[in-house]
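# Descriptive structure summary
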Amino acid sequence: MSVEKNTRPLDEGIVKDFSSRMSYGSYLQLPLLLSAQQPVSQPEHHDELLFIIQHQTTELWLKLVLHELRSAAAWLRQDDLGSALKAIARVKHIQKTLTEQWSVLATLTPTEYSQFRGFLGNASGFQSSQYRAVEFILGNKNAKMLPVFESDPESRTMLEELLNAPSIYDEFLAYLDRHGYDVPRSVLDRDVTHAHEFAPELLPLFKHIYEHAADNWPAYEACEELVDLEDNFQLWRFRHLRTVQRTIGMKTGTGGSSGVSFLKKALDLTFFPELFAVRTEIGQ
């Protein structure tokens, strides 16, 4: 079927009157969403809109990541491993999108950023409660972060709840225990308000799962999904680091951190250390 004059005719059934119907814009609350970009630079700098949208879209994706990870934790508690892994698989795709977004922000040159950076005051991604929530639910808990959110009671409450709740890894280990795997009591009974630290007593369990993958496929698959999750998170951290270094060099962060050197330390953090350490043990 040809298109005349390079203009596509509208199908007769297309709805045009939305005076009493829900439209695309009203469903997504687009007037509210698209009015949320409010540059603060004076005079308004062209590139500040990029900076705002980059961080707002990141927060939207983080909201979905939290939604999926909370659901995954709940499904693990219900012994529904399949649904939990489906949620984690979705998170992995979101992580790839978040990592690729850094390439857009990297188009912001140091000169361009310096022209509106001073207007940000102490606003910093360090203060993202959703990012901290993702770290907490994955196991990198740190109670020292809570005072940063003292002026935001809702965010502080959310983080405090996650600080006191088992992480995804805690839930997975409890799932394995319920399904007949020999998970050490020292791990099952640990204080979940602290970050999970490497527990060598877990290595025999994971070595058994990996060396007998065919007989332990659901557990084996879950282990590899968690490894993917951590790998993706570390890639995001690295791209964050490199984008910051590319944009501001070794300057201090707007939130008061040491900047690049502070971000480098995050690369040494781990969520599931035994799942990486076991690779050295396999075949020995």
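Just so we're clear, the structure is a prediction, and the values are computed from it rather than from any experiment.

### Comments concerning the overall build of the protein
Within the protein, the regular secondary structure consists of 13 helices and 0 strands. Across the protein, helices and strands are ordered from the amino to the carboxyl terminus as α-α-α-α-α-α-α-α-α-α-α-α-α. Principal-axis analysis of the C-alpha atoms gives the protein an extent of 65 × 55 × 40 Å. Each of the 284 residues in the protein was classed as buried or not, and the buried ones make up 41%. Pairs at least 24 apart in sequence give 71% of the contacts found in the protein among residues at least 6 apart. As presented, the protein carries roughly 16400 Å² of accessible surface, and 55% of it is formed by carbon and sulfur atoms. Taking the average location of the 28 positive side-chain charges in the protein and that of its 38 negative ones, the two points are 5 Å from each other.

### Quick word on helix H8 (residues 168–178)
Along H8, 8 of the 11 residues are buried, which leaves the element largely enclosed by surrounding structure. Within H8 the residues assigned to the buried category are Ile168, Tyr169, Asp170, Glu171, Phe172, Leu173, Tyr175 and Leu176. Where H8 terminates, the next one or two residues include Gly180, which has phi positive at roughly 90°.

### Brief notes about a nonpolar patch on the surface
On the surface, Met22, Tyr24, Tyr27 and Leu28 cluster together into a nonpolar patch covering about 530 Å² of accessible area. Within the secondary structure layout, Tyr24 lies in helix H1 (residues 24–27). According to the relative accessible area criterion, Tyr24 is exposed, its value standing at 63%.

### Focus on the UniProt feature "binding site: substrate" (unreviewed entry) in the protein
The feature "binding site: substrate" (unreviewed entry), as annotated in UniProt, sits at Phe51, Ile52, Ile53, Gln54, His55, Tyr113, Arg117 and Thr254 in this numbering. Within the secondary structure, Phe51 is located in helix H3 (residues 48–77). Those residues in contact with Phe51 that sit more than four places away from it in its chain are Leu105, Leu108, Tyr113, Phe116 and Leu120. What makes Ile53 partly exposed here is its relative accessible area of 38%.

### Examining the nonpolar core
Counting 68 residues, the largest nonpolar core has Phe172, Leu176 and Phe206 as its most contacted members. Of the residues forming this core, the biggest block, 11 residues, is contributed by helix H11 (residues 217–248). When near neighbours in sequence (up to four residues on either side) are disregarded, Leu176 contacts Tyr181, Val183, Leu205, Phe206, Ile209 and Ala219.

### Describing the environment of His55
Within the element layout of this structure, His55 appears in helix H3. Classification of His55 as partly exposed rests on a relative accessible area of 29%. As a C-alpha pair, His55 and Leu120 span 65 residues in sequence and 13 Å in three-dimensional space.

### Regarding the packing of H11 against helix H13 (residues 273–281)
Two numbers describe a pair of packed helices, the interaxial angle and the distance between the axes. Axis separation between H11 and H13 bottoms out at 9 Å; the angle between their running directions is 110°. It follows that H11 is roughly perpendicular to H13 by the angle criterion. You can see that H11 and H13 cross each other, and the crossing is left-handed. In this structure, H11 uses Cys223, Glu224, Leu226, Val227, Glu230 and Asp231 to contact H13, whose residues at the interface are Leu275, Phe276 and Arg279. For the contact of H11 with H13, the per-class residue count stands at 5 nonpolar, no polar and 4 charged.

### A look at unusual backbone geometry
In this structure, the amide linkage connecting Gln42 to the following residue, Pro43, adopts the cis form with an omega of -5°. With respect to the helices, strands and loops of the structure, Pro43 is situated in the loop between helix H2 (30–34) and H3. Positive phi, close to 55°, is recorded for Asn6, a residue that is not glycine. On the secondary structure map, Asn6 appears in the segment before H1. Its identity as a non-glycine residue notwithstanding, Gln29 has a phi of 55°, on the positive side.

The rules behind the values
- Residue positions are given per chain, counting from 1 as you read along its sequence in written order.
- Local features are withheld for residues below a pLDDT of 70 in this predicted model, meaning they are given only at 70 or higher, and side-chain atom pairs are given and counted only at 80 or more; totals for whole chains, interfaces and linings count all residues.
- Computation of side-chain values: all heavy atoms of the structure, hydrogens and water removed.
- A run of DSSP states H or I qualifies as a helix once it reaches four residues; a run of E qualifies as a strand once it reaches two. Both are numbered from the N-terminal end.
- Three labels apply to residues, based on accessible area from a 1.4 Å probe with only protein chains included: buried if under 20% of the type maximum, exposed if over 50%, partly exposed otherwise in between.
- For this analysis, residues touch if any pair of their heavy atoms sits within 4.5 Å.
- Note on areas: Shrake-Rupley, 1.4 Å probe, and residue coverage restricted to the protein chains presented here.
- Neither His nor the chain termini are counted; the positive set is Lys and Arg, and the negative set is Asp and Glu.
- We put the charge of a Lys on NZ, of an Arg on CZ, of an Asp on CG and of a Glu on CD.
- Each patch groups residues whose relative accessible area exceeds 30% and which form no salt bridge, using 9 Å between like charges and 5 Å between nonpolar side chains of Val, Leu, Ile, Met, Phe, Trp and Tyr.
- For salt bridges, the criterion is a side-chain nitrogen of Lys or Arg within 4 Å of an Asp or Glu carboxyl oxygen.
- UniProt positions are given in the numbering used here, feature names are shortened, and annotations may be inferred rather than shown by experiment.
- Among buried residues, the Ala, Val, Leu, Ile, Met, Phe, Trp, Tyr and Cys ones that are joined through side-chain atoms within 4.5 Å form a nonpolar core.
- Helix axes use the C-alpha atoms of the stretch in contact, all axes being lines fitted to C-alpha atoms, and the angles between their N-to-C directions lie in the range 0 to 180 degrees.
- In what follows, roughly perpendicular refers to angles from 65 to 115 degrees, roughly parallel to angles under 35, roughly antiparallel to angles over 145, and oblique to any angle outside these ranges.
- Crossing handedness is defined as follows: a turn of the near helix away from the far one that is anticlockwise and smaller than a right angle gives a left-handed crossing, while the clockwise case is right-handed.
- Amino acids outside the nonpolar list (Ala, Val, Leu, Ile, Met, Phe, Trp, Tyr, Cys, Pro) and the charged list (Asp, Glu, Lys, Arg) are all regarded as polar, and Gly is one of them.

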